Amino acid sequence: MSRAKLEQLGIELPLFPTTSVGSFPKPDFLMKARGDFAKKLISRADLERVERQATEFWIRQQEKLGVDVLVDGEMYRGDMVAYFAENLEGFEIGGLVRSYGNRYYHKPIINGEVRWKGPITVDWWKYAQSLTGKPVKGMLTGAYTVMDWSFIESYPGRRAATLALAREIRKEVEALIQAGAKIIQIDEPAVSVRPEELPVAIEAMHVTTDGLAAYFITHICYGAFEHIYPEMLKLPVDNFDLEMSNSGLDLLALFQKQPYTKDISFGVVDVHTHLVEAESLVEQRLRQALETLPKEAIWVDPDCGLKTRTVDEAIAKMQALVHVAQGLRH
Amino acid sequence: MELLLANHSSYPRIGDDPDQQLLRRTITQRDKGEKDDADVHAAEDRLTEQALAEQSAARLDVVTDGLVRWYDPISHLAGQLAGVRINGLLRFFDTNTYFRQPIVQARPQRTTPLLVDELKFAQARSSQPVKMVLTGPYTLARHSMEASDGAGGFTEVLEAYTEALAEEVGALAAAGAGWIQVDEPSLLKQPGDISLVERSLHALAARKGSAQLALSVYFGDPAPIYDRLQALPVDLLVLDFTYSPHLVETVATRGAGKTLGLGLIDGRNTRLEDPARVVRQLEKIAMGTKSGRAWLTPSCGLEYLPRDRARKKLHHLAAIKKTFLGSAA
């Protein structure tokens, strides 16, 4: 079903297309530049030059590995919500709040009318796509997650804020499509956290994507899937990019009870361990997937963004999954 | 109705001023080997003093130590018990914060006081009564995983946590704690388990001595079990009003035999509540309150807010009380 949509969009992919969730680790040269920028030792233009260099590094790495659908690696982002909050009107970047232990982040505050000022990710997508003949995914954070990971002051409630964000994020989707993006991933890691609000996330995704000509993927991870499945299949996307390995593939049991009806980007390597999985383990996970899911529906990728791993670990994990996917094609 | 102002539990351990970042900085330096545990404890002391001072400046009647020393609401207590190992990160309810999961390898046992030193430190530095906070046995058990060769099933783990925390309640009471609050947010996720929580609270109440025992439930709607909550063996019932559109009506209609802690101030969002609206809610609730007294409090710990916004929420409590008293005069 979705493969036909890809063909209509002019994209031909092999069996078990390989991709990654979005983020890659920032190379040391970029980390140094970010530190220098924070200390005001270099300009914004200097930093951006290094971010482009790092983006090219990851595009070349993915090509070398033989990945089928590429990402820009998010070298220009710190945080998946704050980045969009900084680039939309209606937000203030709030003070620090704790994530866990000694880790803190600046949580955005929605304190005005949310408004899209102009393209946010489009130049980065264009740059990444200019470096390769393979398709590069457009990468956005979904309205529900931006809402859930922000404080809300200027809207009467969570649904109103989510729908306002959805309308504005749609403009970024349209801009990506206009620039030539055909595969667009809209990450919604927060949707599994409040199952009772899944209808709001579904409504918002309709607002963001309905009637637009692209193959849509959404990434969801680390939540209580048992409370949102199979209802989550109502999210109007073609492909769910799901963390599978960290939870011991337990979602497959849910899929056996209630058939899974979309394409899936099946996480075959855990991003929270330094250990690089043996190819035999990756293959075993994929073969387990094939017991429940049709082979035409399966894409192969890591559980989540690889930004918390080292560059070497990220490359090794990608290499393992690409080798296995390529081997299974035959 | 007499209105007391109280902090709920936690308070931000960081702010935008360099002095407010002392603890983060010191932990980072400790992890690099540049400082040691004694330096971290000194930074925790300093941050606790700041939290107490900010609550005092907001004219609260009852304060907490801000739970500044807690890594998270689960592992800070469970991790001090024998038989428990602390494992990886999991999301804490629907917050975007994470806790480390306890793995129960053998029956959890209290071999050392858990919070007594924290109580003594705060008491010595506060002119207001200090309320001590314990994550309750049921919530600890729900957030723990049993090792395959662990301490039996869920019920056995709950019993062991109950026994350990009952000992701690006794120790806190003996050390002069006036108020001990037991947090059981997990109850609102599985309200059918209220009998288990009731049994566990009886064990804690038996050890409370002259201390007053509070139960706090949050991150969910307590309205469906409101009558059962009223029957629990506690002196104060602290409720989160932010998840329930009907709770004010429920309390006004059903009344309250117990003193209530009214979590009408959202501890999860920066927006300041409309004082007139909160006063209307208080007036409704007052009609059904038999004790003639209630506590006004944030709906949950304030560590989910930036420091400056948390401070504003505390000052907002006093502003609302003033409006309430003015309207009642």
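Along each chain, residue indices are assigned from 1 in the same order as the chain's sequence is written. Going through the entries in the order they are written, you letter the chains from A and number the ligands from 1. At least 70 in pLDDT is required for a residue's local features to be given in this predicted model, at least 80 for side-chain atom pairs to be given and counted, and no such filter applies to totals for whole chains, interfaces and linings, which use all residues.

*Asks:* Tell me about the interface of chain B and chain A, residues and numbers included.
*Replies:* Listed by partner, the interface residues are 25 residues for chain B and 18 residues for chain A. Helical segments are the DSSP runs of H or I of at least four residues, strand segments are the runs of E of at least two, and each set is numbered from the N terminus. Broken down by secondary-structure element, the contributors of at least two residues to the side of chain B that touches chain A are helix H1 (22-31), strand E2 (82-91) and helix H11 (307-328) of chain B. Contact definition: two residues whose C-beta atoms, as placed from backbone geometry, lie within 7 Å.

*Asks:* Lay out the packing of helix H9 (residues 247-254) of chain B against helix H10 (residues 275-288) of chain B with the relevant residues and their values.
*Replies:* All names here are of chain B. Interaxial angles span 0 to 180 degrees and are taken between N-to-C directions of axes, which are lines fitted to C-alpha atoms, for helices over the stretch in contact. Here H9 crosses H10 at 25 degrees, and the two axes come no closer than 6 Å. Between H9 and H10, the interaxial angle falls into the category roughly parallel. Handedness of the H9/H10 crossing: left-handed. The segment H9 lies against H10, with Val248, Val251, Ala252, Thr253 and Arg254 engaging Gln281, Lys284, Ile285, Met287 and Gly288. As a working rule, the residues Ala, Val, Leu, Ile, Met, Phe, Trp, Tyr, Cys and Pro are called nonpolar, Asp, Glu, Lys and Arg charged, and the rest polar, with Gly in that last group. For the contact of H9 with H10, the per-class residue count stands at five nonpolar, three polar and two charged. Any angle from 65 to 115 degrees is called roughly perpendicular, while one under 35 is roughly parallel, one over 145 is roughly antiparallel, and all others are oblique. Helix crossings fall into two classes, left-handed where the near helix is turned counterclockwise from the far one by less than a right angle and right-handed where it is turned clockwise.

*Asks:* Help me get a handle on the environment of threonine 270 of chain B, residues and values and all.
*Replies:* As for its position among the elements, threonine 270 of chain B is in the loop between strand E9 (259-265) and H10. C-alpha of threonine 270 of chain B to C-alpha of threonine 48 of chain B: the two residues are 222 residues apart in sequence and 22 Å apart in space. Filtering out sequence-adjacent residues up to four positions away, threonine 270 of chain B remains in contact with Gly94, Ile109, Phe151 and Glu153 of chain A together with Leu305 and Arg309 of chain B.

*Asks:* Quick rundown of the sheet that holds strand E6 (residues 215-220) of chain A? Include the residues and the values.
*Replies:* Residue and element names in this part refer to chain A. Any two strands with at least two DSSP bridges between them are considered paired. Taken together, six strands build an open sheet; the order of strands is E3-E5-E6-E7-E8-E9 and the sheet is parallel. With partners counted over all chains shown, the strands left at the sheet margins are strand E3 (138-141) and strand E9 (298-302), one partner each. Each neighbouring strand pair of the sheet contributes to a mean axis angle of 25 degrees, computed without reference to strand direction. Pairing between E6 and strand E7 (residues 239-242): four bridges, direction parallel. When the bridges of E7 are listed, isoleucine 220 appears paired with leucine 242. Contacting strand E8 (263-269) and E9, helix H12 (residues 311-329) crosses the sheet at an angle of about 160 degrees to E9.

*Asks:* Which residues make up the sheet that holds strand E8 (residues 236-240) of chain B, and what are the values?
*Replies:* Residues and elements named next belong to chain B. Taken together, the seven strands give an open sheet; going across it, the order is E1-E10-E9-E8-E7-E6-E4, and neighbouring strands pair in parallel fashion. For this open sheet the edge positions go to strand E1 (2-5) and strand E4 (131-135), each flanked by a neighbour on one side alone. Within the sheet, the average angular offset between the axes of one strand and its neighbour, ignoring direction, is 25 degrees. Relative to strand E10 (residues 293-298), E1 runs parallel, the two sharing four bridges. What sits directly across from leucine 5, in E10, is leucine 296.

*Asks:* Would you mind going over unusual backbone geometry in detail, with residue names and values included?
*Replies:* Leaving glycine out, the prevailing phi sign among residues is negative, and the prevailing peptide bond configuration is trans. Here tyrosine 229 of chain A and proline 230 of chain A are connected by a cis peptide whose omega angle stands at 5 degrees. By the element assignment, proline 230 of chain A lies in the loop between helix H9 (225-228) and E7. One non-glycine residue, phenylalanine 16 of chain A, lies in positive phi territory at about 50 degrees. Relative to the helices and strands, phenylalanine 16 of chain A is located in the loop between helix H1 (2-8) and helix H2 (28-38). On the basis of neighbour counts, which here come to 23 C-beta atoms within 10 Å, the residue phenylalanine 16 of chain A falls in the buried class. Phi at phenylalanine 93 of chain B takes a positive value of approximately 50 degrees, unusual for a residue other than glycine. Structurally, phenylalanine 93 of chain B is set in the loop between E2 and strand E3 (98-109). The exposure label follows from counting other C-beta atoms within 10 Å of a residue's C-beta, where the C-beta atoms are placed from the backbone and the thresholds are 20 or more for buried and 12 or fewer for exposed, leaving partly exposed in between.

*Asks:* With reference to specific residues and values, describe the nonpolar core.
*Replies:* A set of buried residues qualifies as a nonpolar core if it consists of Ala, Val, Leu, Ile, Met, Phe, Trp, Tyr and Cys joined through C-beta atoms within 7 Å. With 95 residues, the main nonpolar core has Leu165, Phe266, Val300 and Leu321 of chain A as its most contacted residues. In terms of residues, this core owes the most to one element, H12 of chain A, which gives eight residues. Not counting the four nearest positions on each side in its chain, phenylalanine 266 of chain A is found in contact with Leu242, Met244, Ala289, Ile298, Trp299 and Val300 of chain A. Judged by nonpolar contacts, the second largest core, of 93 residues, contains Val133, Val182, Leu236 and Ala256 of chain B.

*Asks:* Please give an account of helix H7 (residues 158-179) of chain A that cites residues and values.
*Replies:* Here H7 of chain A spans 31 Å end to end across 22 residues, near enough to the 32 Å set by a 1.5 Å rise per residue. Phi for glycine 180 of chain A, located one or two positions after H7 of chain A, is positive at around 120 degrees. Working rule for helices: expected span equals 1.5 Å times residues minus one.

*Asks:* Can you explain helix H4 (residues 116-124) of chain B? Please cite residues and give values.
*Replies:* All names here are of chain B. The complete set of buried residues in H4 reads Glu118, Leu119 and Ala122. Looking straight down H4, one finds its buried side chains confined to an arc of 100 degrees; they lie on one side. Residues Asp117 and Ala124 are exposed on H4 and point more than 90 degrees away from its buried face. For H4, the secondary structure elements touched by its buried residues are helix H2 (37-57), E4 and helix H6 (154-174). To obtain the arc, one takes the directions from the helix axis to the C-beta atoms.

So far we have only geometry, and geometry alone does not tell us how the molecule works.
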